[in-house]
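What follows is the residue order along each chain.
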Amino acid sequence: MKRQIVVAAFAAATLLSVSPSIAQMRPGAKVEKTYGLGLPRDMDKLIPPDSDYPVYPLKPGQEAYKDVDGYKIKDTIKKITAFSLQSGEQFWGRVLGSKYHLAATEFMATEWEKLGLKVQRVDFINPVVWLPRKWEGGYITAAKSAPLLTLYPDNETVGTAPGGITADAVWVGIGTPADLVGRDVKGKAVIIYSFLLPGGRSQSAGVFGANDAAVKAGAAFIIDVVGVPGNGQFDPEGAPRGPTAIPTMTLSQDEGFMLRDMIASGQKVQLHLDLTVDHLKDYKTQYILATLPGMSDEQDFVMAHSDAMFQGAMDNASGMATAIDIARHYAAMPKEKRPRTMVFFVDPDHHNTEMGRDIMAKGYDWSKVAFILNCEHTSQSQLFMMNQDLEIGNGINARRWYVSGSPQFQQLVKSQLKDFNVSVYTTPETNAGGSLGGLTKYAPSFHIIDHIIYHSTLDTPELVPAVGLAYSERAFLSIIDKANKMTLAQIRGDKPMPNPLGGPPDGKSFGSRGRGGPGGGGGD
């Protein structure tokens, strides 16, 4: 390298003293150039307070759920995101392999114990955990060198050799094979503009093959510029895999557009990247099962995953807090009013291998399980792209969703989501995404999943509206209560599972365009 690149220090010391009451979005790195209104840097201008969201009162017959307080659920979310904020690591959050993830998982167990549930902590070994340890990177021109402050690894990327890579930069647009025709990218740092599909998990560079095309063309490493206005950091899927894989990083739109403009002006730009990735071997962790006895040995099974990138307020502190509050609601009742036993499950490694979920599932007796409720991504603000700006609406975003079981049970879920103001997509998933995907073969199942912005520094409590948390939980409680008046046979129906909602034979209801891969494991 011609000049030493100075890498900005991370403010780890300020994170260690964060209290739950002030867990909030951080403004992010102060980058050299900005483009339009964006997050997190313009959070004070863009984020509406919870009091700005329209509130719809309970309807007649819904009074049993007036105890559900979205603001209290949100307070629990802040307690959970505070574990992430205590993380001083460069790759931060409630990530598998960190004490902050273990603390958040134990937090759920402890909360359930306080409510009187019987809690089991079950240890298991995860053979390999991908865990980036440190990285630095920046750009070099004839006039200057400077760090790129919003670099972040694509999930499951490979690292660099010691000392890193320095290569000429080339901008290839969205990077499809058509964009690479006639382009020489061999040995270069390929910059790809990647838009989200639809949130922080999936991105066009991975889904549409741009990253793989860059590998095939001989690129040295890849920078995916995430097309969200602002200076956010992202950890999406989409890094190339296999023996030919090359290091792949994300970059904010602010810094990505800055590089684009320098290249467009005719400047020669070089990029440097030094990335160390560790693979923890035989990592010991645990999943949680908590039981609230009812009047029968039949079970209502409620689950939530506990790991998260960054603060993970929506993904999945919202689901964790909802599962805790569902237990609170039913634990306050005498046992005589709980027709079925309730079992709560913490899926600990959703963003890694789902090994904990799968080990639990294989050894579990599903014969008495009436249904599975997955609490995942239950409330998020509406976000919009408006020319060069990011805008936020004071409404609750529609969610993707899944339900299987008998037609009667499917229509029950559909109707209660509507009655409790839970907006969903017109077509449900054919294969359940998220943590639920691997369990739908065992019992009738349902969930909602918001997925606009996650796996990013934008996923903070400010964008998880309290009113949406209340609507979601009240709908879940109503579904549980009404399903508890049905027999197992009435809930399961007479078709092999999974049997997701596809509309009645008259074809006038909604069907489903499959989301998630074969077997129902795709998309969280």
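Further up the page is the structure itself.
Thresholds, definitions, all that
Residues numbered from 1 in each chain as written. Predicted model: local features only at pLDDT ≥ 70, side-chain atom pairs only at ≥ 80, totals over all residues. Heavy atoms only, no water. Helix = DSSP H or I, 4+ residues; strand = E, 2+ residues; numbered from the N terminus. Expected span 1.5 Å × (residues − 1). Polar contact = N/O pair within 3.5 Å; in protein donor to acceptor, adjacent residues only side chain to side chain. Core = buried A, V, L, I, M, F, W, Y, C linked by side-chain atoms within 4.5 Å. Buried < 20%, exposed > 50% of the residue type's maximum accessible area, 1.4 Å probe, protein only. Contact = heavy atoms within 4.5 Å. Phe/Tyr/Trp six-rings, centres within 6.5 Å; stacked < 30°, edge-to-face > 60°. Lys NZ or Arg CZ within 6 Å of the ring centre and 35° of its normal. Salt bridge = Lys/Arg side-chain N within 4 Å of Asp/Glu carboxyl O. Pairing = 2+ DSSP bridges.

(A) Looking closely at helix α3 (residues 70-85). Between the first and last C-alpha of α3 there are 22 Å, a value that for 16 residues agrees with the 22 Å anticipated at 1.5 Å per step. Put simply, D69 is the residue that caps the front of α3, since its side-chain oxygen is 2.9 Å from the backbone nitrogen of Y71.

(B) Inspection of the nonpolar core at higher detail. In terms of nonpolar packing, the biggest core is built from 63 residues, with W112, I326, F344, F409 and F446 touching the most fellow members. What F409 contacts, discounting residues up to four positions off in sequence, is F371, V403, S404, P444, F446, I479, A483, M486 and I491. Within the second largest apolar cluster, 40 residues are counted, among which are W135, A167, M249 and M258.

(C) Expanded view of the packing of aromatic side chains. Applying the stated criterion across every chain, the model contains 23 aromatic pairs. Ring geometry for F83 against F107: centres 5.9 Å apart, planes inclined by 65°, an arrangement best described as edge-to-face. Linking F83 in helix α3 with F107 in helix α4 (residues 99-114), this pair joins segments that are 24 residues apart in sequence. The exposure classification of F83 matches that of F107, with both residues buried. Among the aromatic residues, ring-to-ring pairing joins F124, Y287, F301, F345, Y364, W366 and Y442 into one connected group. Residue placement shows R26 over the ring face of W92; its charged tip is 4.1 Å from the ring centre.

(D) Broad picture of the side chain of H329. On the secondary structure map, H329 appears in helix α9 (residues 313-331). Under the relative-accessibility criterion, H329 is labelled buried at 5%. Dropping the residues within four chain positions of it, H329 is found in contact with A64, Y65, D67 and L477.

(E) Molecular detail of unusual backbone geometry. In this structure, the amide linkage connecting L39 to the following residue, P40, adopts the cis form with an omega of 0°. Mapped onto the elements of the fold, P40 is located in the loop between α1 (12-15) and α2 (43-46). A cis geometry characterises the amide bond from D315 onward to N316, with omega recorded as 5°. Even without glycine at this site, D282 takes up a positive phi of about 50°. The exposed category is assigned to D282, whose relative accessible area is 56%.

(F) A look at the pattern of salt bridges. For the coordinates displayed, the defined rule picks out 19 salt bridges. Note that K74 is salt-bridged to D50, the shortest N-O span being 2.5 Å. With K74 in helix α3 and D50 in the loop between α2 and α3, this pair connects stretches of sequence that are 24 residues apart. Both residues of the pair, K74 and D50, count as buried. The salt bridge partner of E111 is K114, with a shortest N-O separation of 3.1 Å. Of this pair, E111 and K114 are both found in helix α4, three residues apart, which corresponds to roughly one turn of the helix. By relative accessible area, K114 is classed as exposed at 63%.

(G) Spatial organisation of the pairing of strand β13 (residues 369-375). The buried fraction of β13 is high, at seven of seven residues. As defined by bridge partners, strand β10 (residues 299-305) adjoins β13 across five bridges and the pair is classed as parallel. Considered in β13, the bridge of M303 is made with N374.

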